[in-house]
Amino acid sequence: MKRVVLYAVLFLLAAVLLVPLYWTLIGSFLSQEEFDFHFSAVSRGAAWFTLRPSLEQYAHLLYPEDWMDVGFLRSYSVSLLSASAMTALHLLIVPVLGFYLAKQSNRFTRFLFFFVVLTMLAPLQITMTPTLILAKQLRIDHSWWAILLPSAVMPFGIFLTRQFIRSLPDEILDAARLDTDSVLSVLYRLVIPFSAPALCALLMLSFLECYGMIEQPLILLDPTTSIMPLSVEMNSIYRLFPSVIFAASVLFVFPCLLLYLCVRKPMIKTMRALTL
C-alpha cells in the first residue's frame with residue numbers, strides 16, 4: 001500500500017512538472033487564428049490540443065519577414081556559442097582543480113576547498129559588482145570576455161569532480177606514476193577516463209548554467225553594440241510578437257533536452273556514486 005501511495009505522489013509531482021511543457025509544445029503548433037482564439041483579450045484558457053497543427057510559428061522564427069524579424073537566429077546562435085565556449089573552459093580547467101583538491105591533502109588545499117564551497121554558496125548578486133569593477137579596470141566591459149573569464153572556474157563543478165575523484169584508490173595512482181613522471185599524463189590517461197560520468201554531469205550542469213544566464217549579459221554587455229543571448233531576448237520576443245513565444249520556448253529548450261538525453265545515464269551514475 002505504501003508503494004502505491006508513493007507512486008501516486010510521484011505521478012502527481014511529475015504531472016505538475018510536465019503539464020507546462022506539454023502546454024508549451026501544443027501551443028507551438030497553434031495557427032495564428034487558434035492563438036488569437038485562446039489568448040485574446042477575452043482569455044479562454046490554455047490550449048490543451050489542436051485540431052489543425054501548424055508550423056506557422058516556427059516559420060516566422062526561422063524564416064522571418066522584414067516586419068517581424070526579432071533577431072531570433074542571431075540570439076540563438078550567440079546563446080549556443082557562448083554556452084559551448086564556457087562549457088569547454090569548464091571541462092578544461094575544473095577537472096584539474098578537482099584532481100588537485102582531491103589528492104593533495106594539506107592546509108592550503110583544505111583552505112582552498114573551503115573557499116570554493118563558500119563561493120558556491122554565495123549568491124550571484126554578491127559577485128556581480130566586483131566583477132563589473134574588475135571588467136572596467138581590465139577594459140573588457142561591454143564584451144563577452146567580461147562574462148567568459150569570470151565564468152572560467154565553476155565552484156560547484158570543482159566540488160563535484162573533487163568528490164568523485166576522491167573515490168579513485170591511491171594505489172592505482174601510485175601504479176600509474178611508476179609508468180610516467182608527468183602529472184598531466186596521469187591526469188588525462190587515468191583520472192579523466194575514470195571521471196567520465198562526473199564530467200558528463202559537469203557538461204550538463206555547466207551548459208544549463210551558461211545557456212540560461214540573464215543577469216551577466218544585462219549588466220556586463222552593451223545591448224547597442226553586442227548581440228544579447230536568447231535568454232535575455234525572450235522577453236522582447238514575447239512583448240513584440242507574442243504569437244511566436246511558444247515556438248521560441250520549444251526551440252530554446254531543445255538543445256538542453258537533447259544534451260540531457262545524451263548524458264542521462266552517466267549523470268545518474270555520478271549522482272549514485274556521490275551518495276555512497
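This text goes with the structure placed above it.
Residues numbered from 1 in each chain as written. Predicted model: local features only at pLDDT ≥ 70, side-chain atom pairs only at ≥ 80, totals over all residues. Heavy atoms only, no water.

(A) The arrangement of the nonpolar core in detail. Ranked by internal contacts, the top residues of the largest apolar core, which has 47 residues, are Leu61, Phe72, Tyr211, Leu230 and Ile237. The element contributing the most residues to this core is helix 14 (residues 245-275), with ten residues. Contact partners of Leu230, with chain neighbours within four places excluded, come to Phe72, Ser75, Tyr76, Ser79, Ile237 and Phe252. Counting nine residues, the second-largest nonpolar core is a separate cluster that includes Ile165, Leu173, Leu187 and Val191. (Core = buried A, V, L, I, M, F, W, Y, C linked by side-chain atoms within 4.5 Å. Buried < 20%, exposed > 50% of the residue type's maximum accessible area, 1.4 Å probe, protein only. Helix = DSSP H or I, 4+ residues; strand = E, 2+ residues; numbered from the N terminus. Contact = heavy atoms within 4.5 Å.)

(B) Structural view of the side chain of Ser54. Along the chain, Ser54 turns up in the loop between helix 2 (32-38) and helix 3 (56-62). In this structure the side chain of Ser54 is engaged in a polar contact, spanning 3.1 Å, whose partner is the backbone nitrogen of Glu56. Among residues more than four places away in sequence, those in contact with Ser54 are Ser28, Phe29, Leu30 and Ser31. (Polar contact = N/O pair within 3.5 Å; in protein donor to acceptor, adjacent residues only side chain to side chain.)

(C) Inspection of a nonpolar patch on the surface at higher detail. Residues Met1, Val4, Val5, Leu6, Tyr7, Val9, Leu10 and Leu13 make up a contiguous nonpolar surface patch of about 840 Å² in total accessible area. Inspection of the secondary structure puts Met1 in the segment before helix 1 (2-27). Judged by relative accessible area, Met1 falls into the exposed class, the value being 79%. (Patch = residues over 30% accessible without salt bridge, like charges linked within 9 Å, V, L, I, M, F, W, Y side chains within 5 Å. Areas by Shrake-Rupley, 256 points an atom, 1.4 Å probe, with all protein chains shown as cover. Salt bridge = Lys/Arg side-chain N within 4 Å of Asp/Glu carboxyl O.)

(D) Inspection of the layout of surface pockets at higher detail. In this structure, the largest pocket spans a volume of roughly 820 Å³. Along its surface, the largest pocket is lined by 27 residues, and Thr119, Thr127, Pro150, Val153 and Pro155 are the ones closest to its centre. For the lining of the largest pocket, the secondary-structure elements that each account for two or more residues are helix 5 (107-121), helix 6 (124-137), helix 7 (145-148), helix 8 (155-165), helix 11 (196-211) and helix 12 (215-220). With five residues, helix 5 is the largest single contributor of residues to the lining of the largest pocket. Partitioning the lining of the largest pocket into residue classes produces 19 nonpolar, six polar and two charged. A volume near 280 Å³ is recorded for the second largest pocket. Among the secondary structure elements, those contributing two or more residues to the lining of the second largest pocket are helix 1 and helix 14. Per-element accounting of the lining of the second largest pocket gives the leading share, five residues, to helix 14. (1 Å grid on protein atoms, 1.4 Å probe; cavity = no way out; pocket = protein on both sides within 12 Å on 5 of 7 lines; lining within 4 Å. Points joined across faces, edges and corners; volume = space filled by probe spheres on them. Nonpolar A, V, L, I, M, F, W, Y, C, P; charged D, E, K, R; others polar.)

(E) Structural context of the state of the cysteines. Per the counting criterion, the structure on display carries zero disulfides. Considering cysteine sulfurs only, Cys256 is the nearest to Cys210, which forms no disulfide, with 11 Å between them. Judged by its relative accessible area of 12%, Cys256 falls in the buried class. (Disulfide = S-S within 2.5 Å.)

(F) Just helix 5, in detail. The end-to-end C-alpha separation of helix 5 is 21 Å, in line with the 21 Å expected for 15 residues at 1.5 Å each. All of the buried residues along helix 5 are Thr109, Phe113 and Val116. The arc that holds every buried residue of helix 5, seen down its axis, measures 55 degrees, which confines them to one face. More than 90 degrees from the buried face of helix 5, the exposed residues found are Arg107, Phe111, Phe114 and Leu121. On the buried face of helix 5, the contacting elements are helix 4 (72-103) and helix 8. Regarding helix 5, its N-cap is Asn106, as a side-chain oxygen of that residue lies 3.0 Å from the backbone nitrogen of Phe108 further along. (Expected span 1.5 Å × (residues − 1). Arc of directions from axis to C-beta.)

(G) Focus on the packing of aromatic side chains. Tallying each qualifying case throughout the model produces eight aromatic pairs. Judged by centre distance (5.2 Å) and plane angle (15 degrees), the ring pair of Phe207 and Tyr211 falls under stacked. You can see Phe207 and its partner Tyr211 sitting in helix 11, four residues apart, about one turn around the helix. Tyr211 carries the same exposure label as Phe207, and that label is buried. Aromatic ring contacts, followed pair by pair, group Phe113, Phe156 and Phe159 into a single cluster. Lying across the ring of Phe113, Arg162 places its NZ or CZ 3.8 Å from the centre. (Phe/Tyr/Trp six-rings, centres within 6.5 Å; stacked < 30°, edge-to-face > 60°. Lys NZ or Arg CZ within 6 Å of the ring centre and 35° of its normal.)

(H) Inspection of the side chain of Ser195 at higher detail. Mapping Ser195 onto the fold places it in the loop between helix 10 (183-194) and helix 11. Its relative accessible area of 3% is what places Ser195 among the buried residues.

(I) Helix 4, seen in detail. Along its 32 residues, helix 4 runs 46 Å from first to last C-alpha, staying within 8% of the 46 Å computed at 1.5 Å per residue. The axis of helix 4 is deflected most strongly, by about 25 degrees, at Ile93, and proline Pro95 appears within four residues downstream. (Bend = angle between axes of the 7 residues up to and from the residue.)

Structural measurements only, silent on function.
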